[in-house]
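Remarks on the overall topology
The lines below spell out each chain.
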Amino acid sequence: MKAIVFHQHGAPEVLKYADAPEPPVRSNEVLVRVKACALNHLDLWVRRGIPGVPIPLPHIPGSDVSGEIAQIGADVTTVRVGQKVVLAPLVSCGKCPACVAGLDNHCRQATNLGYMIDGGCAEFVRAPQVNCLPYPENLSFEEAASIPLVFQTAWHMLVARAELQPGEDVLVLGAGSGVGSAAIQIAKFFGARVIAIAGSDEKLKKAKALGADHLINHKTQKIRDEVRRITSKRGVDVVFEHVGTATWDESLASLAAGGRLVTCGATTGYDAKVDLRFLFSRQLSLLGSYMGTKSELHTVMKLVAAGRLKPVVDRIFPLAEVAAAHAYLESSSQFGKVVLQV
Ligand SMILES: [Zn+2]
């Protein structure tokens, strides 16, 4: 099969469009003919190399897959060959206490397609049958591939971790990113008031179209001052973080007393400072979040099929142009998802 393979970590140029062996399918797995694979920041980290994470080389990246079932293992009963499918990105052991409790994102063996195992930037990818999600027929393959990782992550952050309540104020950092555009929609779905932050008026216009109530351009405005103005000096109940070092101080300063900051990433760096006096006296909560559960993703897919949540596709590249797609994602000029068409 054709696949995107890299033999060493580095710049986008290490990504090669090459021949690779078709993955063999185990009894509880399916082989998916990939139609689209959406990119995430995770793809950039995996390509550059992450200290302490020995990603097996050569490696095929790509976590967000839509396609058709090409082959099923002997024990697969829930899907059939030819069926359209979206894959849940998180592959867990399925047997440990966390997995049997439905908390597969707490599984110690869990990894993502395209992270410690080969992923979907290829003509074929294999995955456990339990990772097959119902295909929302209202969506193209590119739209369908744009859902799993970011919507699952944003849902787990806002609903499971921050326990967002109707009427609360939510500050969404990086509104132009995949996870930010998902967060705006989920927060609005739960009846929150959304303040969206992005680095260009063009992106903010699109955030408004997704439902954001207030907009902050972090290039021309100071986040904490704008939040104080919008909330009449109160601050927000929830800060949706994934930017890291560049915005951390502003994010903390934007919280109301009793506010929760939830974070799933650190695209600009992972060093952050916390004034503990501020943390305890204002009774703040700092919440880490990683991926989400398959059960949450099933809920998301139901809402997507019903048209209540919508994937936001920014730009589609052919699979062979993956290096250009990575460079584009790295430039942060997108609004929504960058998708590879296979
Ligand atoms: Zn497990």
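Quick note: structure is the one above.
These remarks concern the structure in this document. Note that residues are indexed from 1 along each chain, following the sequence as it is written. For a predicted model such as this one, the threshold for reporting local features is a pLDDT of at least 70, and the threshold for listing and counting side-chain atom pairs is 80 or more; totals across whole chains, interfaces and linings nevertheless cover every residue. Side-chain measures were taken over the full set of non-hydrogen atoms in the model, leaving aside hydrogen atoms and water.

Within the chain one finds eleven helices and 17 strands. A compact globule built from 342 residues should have a C-alpha radius of gyration of about 20 Å, and the chain, at 20 Å, falls within 12% of that. Projected onto its principal axes, the C-alpha coordinates of the chain cover approximately 60 × 40 × 40 Å. Partly exposed describes any residue whose relative accessible area lies between the buried limit of under 20% and the exposed limit of over 50%, with all areas from a 1.4 Å probe on protein chains only and scaled to the type maximum. When burial is assessed residue by residue, the chain has 54% of its 342 residues classed as buried. The contact criterion used is simple: two residues touch if any of their non-hydrogen atoms lie within 4.5 Å. Relative to all contacts within the chain whose residues are 6 or more apart in sequence, the contacts with residues 24 or more apart total 70%. Residues counted as positive are Lys and Arg, residues counted as negative are Asp and Glu, and His and the chain ends are not counted. The atom standing in for a charge is NZ when the residue is Lys, CZ when it is Arg, CG when it is Asp and CD when it is Glu. Here the chain contributes 36 positively and 32 negatively charged side chains, and the mean placements of these two sets differ by 4 Å. Think of it this way: any DSSP run of H or I at least four residues long counts as a helix, any run of E at least two long counts as a strand, and we number them from the N terminus. The globule rule used here is 2.2 Å times the number of residues to the 0.38 power, and the radius of gyration it is set against is calculated over C-alpha atoms.

Together, V274, L276, F280 and L286 make up a nonpolar patch on the protein surface, roughly 370 Å² of accessible area in all. Mapped onto the secondary structure, F280 falls in helix α9 (residues 276-281). Residue classification places F280 among the exposed positions, given a relative accessible area of 58%. Distance thresholds for patches are 9 Å for like charges and 5 Å for nonpolar side chains (Val, Leu, Ile, Met, Phe, Trp, Tyr), applied to residues having over 30% relative accessible area and no salt bridge. The Shrake-Rupley method, run with a 1.4 Å probe sphere, supplies the accessible areas, and residue values consider only the shown protein chains as cover. Here, a salt bridge means any side-chain nitrogen of Lys or Arg that lies within 4 Å of a carboxyl oxygen of Asp or Glu.

In the first shell of the zinc ion, the protein supplies C93 (SG), C96 (SG), C99 (SG) and C107 (SG), at 2.3 to 2.4 Å from the metal. Considering all four donor atoms around the zinc ion, angles at the metal cover 105 to 115° and the coordination shape is tetrahedral. In terms of primary sequence, the donors binding the zinc ion are separated according to C-x2-C-x2-C-x7-C. A residue pair is termed long-range when its members are at least 10 positions apart, and C93 in the loop between β6 (90-91) and α2 (97-100) and C107 in the loop between α2 and β7 (111-112) qualify at 14 residues. Water is not part of the atom set, so a site may look incomplete; the donors themselves are N, O and S atoms within 2.8 Å of the metal, or 3.2 Å for Na, K and Ca. The geometry test gives tetrahedral to four donors whose angles all lie between 85 and 135 degrees, gives square planar to four donors and octahedral to six donors whose opposite members are over 155 degrees apart with all other angles between 65 and 115, and gives irregular to the rest.

Here we take up helix α7 (residues 223-230). Taken together, the buried positions of α7 are I223, E226, V227 and I230. All buried residues of α7 fall inside an arc of 100° around its axis, so they share one side. Of the residues one or two after α7, S232 is the one with positive phi, at around 50°. The arc in question is formed by the directions pointing from the helix axis toward the C-beta atoms.

What follows deals with the pattern of salt bridges. Overall, the coordinates contain 15 salt bridges when judged by the stated rule. R224 is paired through a salt bridge with E250; the nearest N and O atoms lie 2.9 Å apart. Linking R224 in helix α7 with E250 in helix α8 (residues 248-253), this pair joins segments that are 26 residues apart in sequence. Residue classification places E250 among the buried positions, given a relative accessible area of 12%. Look at the salt bridges and you will find they share partners, linking R26, E29 and R126 into a network.

In this scheme Phe, Tyr and Trp rings, the latter by its six-membered ring, pair at centre separations within 6.5 Å, and the angle between planes marks the pair as stacked below 30 degrees, edge-to-face above 60, and tilted otherwise. This model, assessed by the stated rule, comprises four aromatic pairs. For the pair F189 and F190, a centre-to-centre distance of 5.6 Å together with 80° between the ring planes defines the contact as edge-to-face. Relative accessible area serves as the criterion here: at 24%, F190 is assigned to the partly exposed category. The structure contains a cluster of three or more aromatic residues connected by ring pairs, namely W155, F189 and F190. Positioned above the aromatic ring of W45, the side-chain terminus of R48 is 5.4 Å from the ring centre. Between K84 and the ring centre of F141, over which it is positioned, the NZ or CZ distance is 5.3 Å. For a ring to carry a charge above it, either NZ of a lysine or CZ of an arginine must fall within 6 Å of the ring centroid while also lying within 35 degrees of the normal to the ring plane.

This paragraph deals with the packing of helix α4 (residues 148-161) against helix α5 (residues 178-189). A packed helix pair is summarised by two numbers, namely the angle formed by the two axes and the spacing between the axes. Angular values range over 0 to 180 degrees, each being the angle between N-to-C directions of two axes fitted as lines to C-alpha atoms, with helices fitted over their stretch in contact. The N-to-C vectors of α4 and α5 enclose an angle of 50°; their axes lie 8 Å apart at closest approach. In terms of orientation, α4 lies oblique with respect to α5. As α4 runs across α5, the sense of the crossing is right-handed. Only G178, V179, A182, A183, Q185, I186 and A187 of α5 make contact with α4, whose side of the interface consists of V150, F151, T153, A154, W155, L158 and V159. We call Asp, Glu, Lys and Arg charged. Ala, Val, Leu, Ile, Met, Phe, Trp, Tyr, Cys and Pro are nonpolar, and the rest, Gly among them, are polar. Looking at side-chain class alone, the contact of α4 with α5 contains eleven nonpolar, three polar and no charged residues. Between 65 and 115 degrees an angle is taken as roughly perpendicular, under 35 as roughly parallel, over 145 as roughly antiparallel, and anywhere else as oblique. Working rule for handedness: look at the near helix, and if it is turned counterclockwise from the far one by less than a right angle, call the crossing left-handed; if clockwise, right-handed.

The next thing to look at is unusual backbone geometry. A cis geometry characterises the amide bond from L57 onward to P58, with omega recorded as -5°. By the element assignment, P58 lies in the loop between α1 (41-48) and β4 (64-72). For Q283, which is not glycine, the phi torsion reads 55° and is therefore positive. Topologically, Q283 is positioned in the loop between α9 and β15 (285-288). Backbone geometry places M291, a non-glycine residue, at a positive phi of 50°.

Two strands are counted as paired when DSSP detects at least two bridges linking them. A sheet is described by the order of its strands in space; here six strands give the open sequence β12-β11-β10-β13-β14-β15, paired in parallel fashion. Both outer strands of the open sheet, β12 (214-217) and β15, are each paired with one neighbouring strand and no more. Sheet twist, expressed as the mean angle between neighbouring strand axes with direction ignored, is 20°. Across three bridges, strand β10 (residues 169-172) lies against strand β13 (residues 236-241) in parallel orientation. Note that in β13 the partner of V170 across the bridge is V238. Each of β11 (193-198) and β12 is contacted by helix α6 (residues 201-209), which is oriented at about 165° to β12, the strand it contacts most.

Without other data, these values stay purely geometric and don't point to any function.
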